[in-house]
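A look at the structure
Letter by letter, the chains look like this.
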Amino acid sequence: MIRLGLCCKFLNEQIRFYTTTARYVGGLSPEKKTAKIKNLCLQNAQSLLSAIDYCSKNNIGSFRINSRILPLKTHPDFGYDIKKLPQAKEIEGTFKLCGRRAKASGIRLTFHPDQFVLLSSPHKEVTRKSIQELEYQAEVSEWVGADVIIIHAGGAYGDKNAALKRLSYELQKLPKSVYKRLAIENDDRVYTPKDLLGFCKTNGVPFVYDVHHHRCLKEGLSVEQVTEAALKTWNREPLFHVSSPKFGWERARPNLHHDFINIQDFPECWRGLPITVEVEAKAKELAVKKLRSQLLSFRKGI
DNA sequence: AGCGGTCAAGTTGAT
DNA sequence: ATCAACTTGACCGCT
């Protein structure tokens, strides 16, 4: 059966991840600042453990970890080395416990850095900060055993080929801890599956197929064609994304995500494949549960 | 307890 | 020109 994944947070379940802002910690004394950040890191590590246990008990096969699991980790003014925080051993130890727990219960863990992380930018500073962010997420990945860090190809800057060339160049220079986890996903504005499938193959990076984005930004390839090609880019369990449009396909802004997945939007050709499908839906764990029950009962055309 | 203003970051396209 | 959207609205200070 397909492994369904929950993204970042819970709707009803009382498991929360906490963060803070640069502005706020900027107004604290050094002692209070360190204490605040240490507490958030420790709480988040414990919340991740709860999230893994919840997924394990509720037949949710994977969990995407929020990029702010260690708040402000790479901030230019307030970033920090986890090993230098008070209770560093306890924080790291809790994350490693998450890793053992996830492995024991077969829960796959993933990361999806946010929109500021790009390797195709012509601006050196953007690239430098992106790599720093990727290294941080890879560090946590090492502790918890996350095997995928998904990014988009970024902007086109008026010349897609030149942008992809920069991306390729940066990919080959990445530290191994990042490169071995990195995967690239099609987006809904710039890069289609067609743009990325060959690129991913050539560069030894798996392709994350987001079928919703593909339906928003079409290029002529069918869902079946892309699915087949995407599977071949993976050297481990392939990972895809699904979501449904908030206001329907015929209305404006189909890219906005619905609370739940409409079973009609779940590609028929994905059924029975040994893949992870991350469910990008606002109703979170409720949406994953509903999709699972519909996949078990629903047959198209009935 | 509830509410409103605010929050580090890049790029694009709709308005 | 401004702003919302993107994988995730959450946090803090004021009343």
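Above: the structure in question.
Below: a short report on this structure. The model shown is predicted, which means the values in this text are computed figures rather than measured ones.

Next up on the list: the packing of aromatic side chains. Inspection of the entire model under this criterion finds nine aromatic pairs. Ring geometry for F95 versus W143: centroids 5.5 Å apart, planes at 25°, classification stacked. On the criterion of sequence distance, the pair formed by F95 in helix α3 (residues 88-105) and W143 in helix α4 (residues 124-144) is long-range, its members being 48 residues apart. Both residues of the pair, F95 and W143, belong to the buried class. Considering the side-chain rings of Y209 and W270, the 6.0 Å spacing of their centres and the 70° angle between planes classify their relative orientation as edge-to-face. Residue Y209 is found in strand β6 (residues 207-210), and its partner W270 is found in the loop between β7 (239-242) and β8 (276-279); the two are separated by 61 residues along the sequence.

For the rest of this paragraph, the subject is the protein's contact with DNA strand B. Lining the immediate surroundings of DNA strand B are 19 residues, of which A22, R23, A156, Y157 and R189 lie closest. Each atom of DNA strand B within 4 Å of the protein belongs either to a base or to sugar and phosphate, the latter forming 49%. In the environment of DNA strand B, a phosphate oxygen lies 2.5 Å from a nitrogen or oxygen atom belonging to the backbone of A22. In this structure, H75 approaches DNA strand B through a side-chain N or O atom, which is 3.4 Å from a sugar or linking oxygen.

Taken together, 24 residues form the shell around DNA strand C, and within it K9, R16, R64, D114 and R253 come nearest. Here DNA strand C approaches the protein such that, of its atoms within 4 Å, sugar and phosphate make up 73%. Contacts to DNA strand C include K36, whose side-chain N or O atom sits 2.9 Å from a phosphate oxygen. Separating a base nitrogen of DNA strand C from a side-chain N or O atom of Q115 is a distance of 3.1 Å. Its residues assigned to classes, the surface near DNA strand C shows five nonpolar, nine polar and 10 charged.

With that settled, consider α4. Between its terminal C-alpha atoms α4 stretches 30 Å, which fits the 30 Å expected from 21 residues at 1.5 Å a residue. Restricting attention to buried positions, one finds in α4 the residues T127, S130, I131, E133, L134, Y136, Q137, A138, V140, S141, W143 and V144. Trailing α4 by a residue or two, G145 shows a phi angle of about 80°, which is positive.

Attention now goes to the state of the cysteines. By the definition in use, this model includes zero disulfides. Cysteine C216 shares no disulfide, and the gap to the nearest cysteine sulfur, in C7, comes to 16 Å. Judged by relative accessible area, which is 25%, C216 ranks as partly exposed. The closest cysteine sulfur to the non-disulfide-bonded C269 is located on C216, 17 Å from its own sulfur.

Another aspect to go through is unusual backbone geometry. Positive phi is not limited to glycine here, since C8 has a value of about 70°. Along the chain, C8 turns up in the loop between β1 (3-7) and α1 (22-26). Even without being glycine, N59 reaches a positive phi, approximately 60°. By secondary structure assignment, the location of N59 is in the loop between α2 (30-57) and β2 (62-65).

So, about the pairing of strand β3 (residues 108-111). Along β3, one buried face is formed by R108 and T110 and the opposite face, lined by L109 and F111, is buried too. Judged from the four bridges that link them, β2 and β3 form a sheet pairing that is parallel. Along β3, the bridge assignment pairs R64 with T110. In the classification by handedness, the crossover that spans β2, the intervening α3 and the parallel β3 is right-handed.

What counts and how
Residues numbered from 1 in each chain as written. Chains lettered and ligands numbered in written order. Predicted model: local features only at pLDDT ≥ 70, side-chain atom pairs only at ≥ 80, totals over all residues. Heavy atoms only, no water. Phe/Tyr/Trp six-rings, centres within 6.5 Å; stacked < 30°, edge-to-face > 60°. Helix = DSSP H or I, 4+ residues; strand = E, 2+ residues; numbered from the N terminus. Buried < 20%, exposed > 50% of the residue type's maximum accessible area, 1.4 Å probe, protein only. Near = heavy atom within 4 Å. Polar contact = N/O pair within 3.5 Å; in protein donor to acceptor, adjacent residues only side chain to side chain. Nonpolar A, V, L, I, M, F, W, Y, C, P; charged D, E, K, R; others polar. Expected span 1.5 Å × (residues − 1). Disulfide = S-S within 2.5 Å. Pairing = 2+ DSSP bridges. Right-handed = clockwise from strand over helix to strand, strands pointing away.

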